[in-house]
Amino acid sequence: MPLVRISLLAGKSESHKQKVSAAIHRALVETIAIPAQDRFHVITEHTPADFIYDPQYLNVRRTSDLVVIQITLSAGRTLEVRKALFCRVAELLHQEAGLRKEDVLINLVETAKENWSFGNGEAQYAT
C-alpha cells in the first residue's frame, strides 16, 4: 500500500522516469513484500529554482541528478527492514537507472492502515 512520490529536475526522459519508478517498486516488492500490483507512484518534475537541496549535507556529495523519494506506507516495519529498503532502492536505482547512490534521498512516512482508502470511499484495511 505504499504511495511513492518521486521528485526530480525537469528534463529527464520518459524512459529514465519509468526506470526509476520500476526500480523503486521492485525494491518495495523485494524488501517489504508488497503485492506486485500495489503500485501507486507520482512523479513530479521541478525547475532548478523549485528543487532546492544542499549538495553536501552529511558529507554526501549530491549532483543535479538527485532524486527525492517519499514513501508513505503503513507503520510497523522494523528498523532492519527499513534499512534494507533504503539500501535496495539505492542499489537498484544505480543498476537500472544509472543513478549514483549519493543522489538518492529517501524519506518514509508511516501511517496507520485505517488511514488508507483505495477507492469507493471505503477504508479497505480498517478492522
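This is a predicted model, so every value here is computed, not measured. (Residues numbered from 1 in each chain as written. Predicted model: local features only at pLDDT ≥ 70, side-chain atom pairs only at ≥ 80, totals over all residues. Heavy atoms only, no water.)

## Quick notes on a nonpolar patch on the surface
Stated precisely, the cut-off is as follows: Patch definition: residues with relative accessible area over 30% and no salt bridge; like charges joined within 9 Å; nonpolar side chains (Val, Leu, Ile, Met, Phe, Trp, Tyr) joined within 5 Å. Calculation of accessible area relied on Shrake-Rupley with a 1.4 Å probe; when residues are assessed, cover is drawn exclusively from the protein chains displayed. Whenever a carboxyl oxygen of Asp or Glu lies within 4 Å of a side-chain nitrogen of Lys or Arg, that contact is scored as a salt bridge. Under the scheme applied here, a residue whose accessible area is under 20% of the maximum for its type counts as buried, over 50% as exposed, and between as partly exposed, the area being computed with a 1.4 Å probe on protein chains only.
A contiguous nonpolar patch, built from F40, F118 and Y125 and spanning about 280 Å² of accessible area, is present on the exposed surface. Judged by relative accessible area, F40 falls into the partly exposed class, the value being 42%.

## Details of helix α1 (residues 14-32)
Here is the rule we go by: Only runs of H or I of at least four residues qualify as helices and only runs of E of at least two qualify as strands under DSSP, and these elements are numbered from the N terminus. The length a helix should cover is 1.5 Å for every residue beyond the first. Contacts are assigned to residue pairs with any non-hydrogen atoms lying within 4.5 Å of each other.
The end-to-end C-alpha distance of α1, which contains 19 residues, comes to 27 Å, matching closely the 27 Å that a straight helix rising 1.5 Å per residue would cover. All of the buried residues in α1 are H16, K17, V20, S21, A23, I24, H25, A27, L28 and I32. If you follow the buried residues of α1, they end up packed against β1 (3-9), β2 (41-46), β3 (67-74) and α2 (79-97). Positioned one or two residues after α1, A33 has a phi angle of 60 degrees, which is positive.

## Points about the side chain of T111
Applicable threshold: Any pair of N or O atoms that falls within 3.5 Å is considered a polar contact. Within protein, one atom must be able to donate a hydrogen and the other to accept it, and sequence-neighbouring residues count only if both atoms are side-chain atoms.
Relative to the helices and strands, T111 resides in strand β4 (residues 104-111). The exposure class of T111 is buried, given its relative accessible area of 17%. Only 2.8 Å separates the side chain of T111 from the side chain of N115, close enough to count as a polar contact. In this view, T111 contacts T72, L73, S74, A75 and W116; residues no more than four positions away in its chain are not counted.

## Brief notes about the nonpolar core
Across soluble globular proteins, nonpolar side chains have a tendency to be buried as a group. The test is simple: Throughout this description, the term nonpolar core refers to a set of buried Ala, Val, Leu, Ile, Met, Phe, Trp, Tyr and Cys residues connected via side-chain atoms within 4.5 Å.
Among the nonpolar cores identified, the biggest contains 23 residues, and V20, I24, L28, I69, I71, V89 and L93 are the most heavily contacted of them. Elements with a contribution of two residues or more to this core: β1, α1, β3, α2 and β4. In terms of residues, this core owes the most to one element, α1, which gives 6 residues. Contact partners of L93, with chain neighbours within four places excluded, come to V20, A23, I24, I69, G98, L99 and V104.

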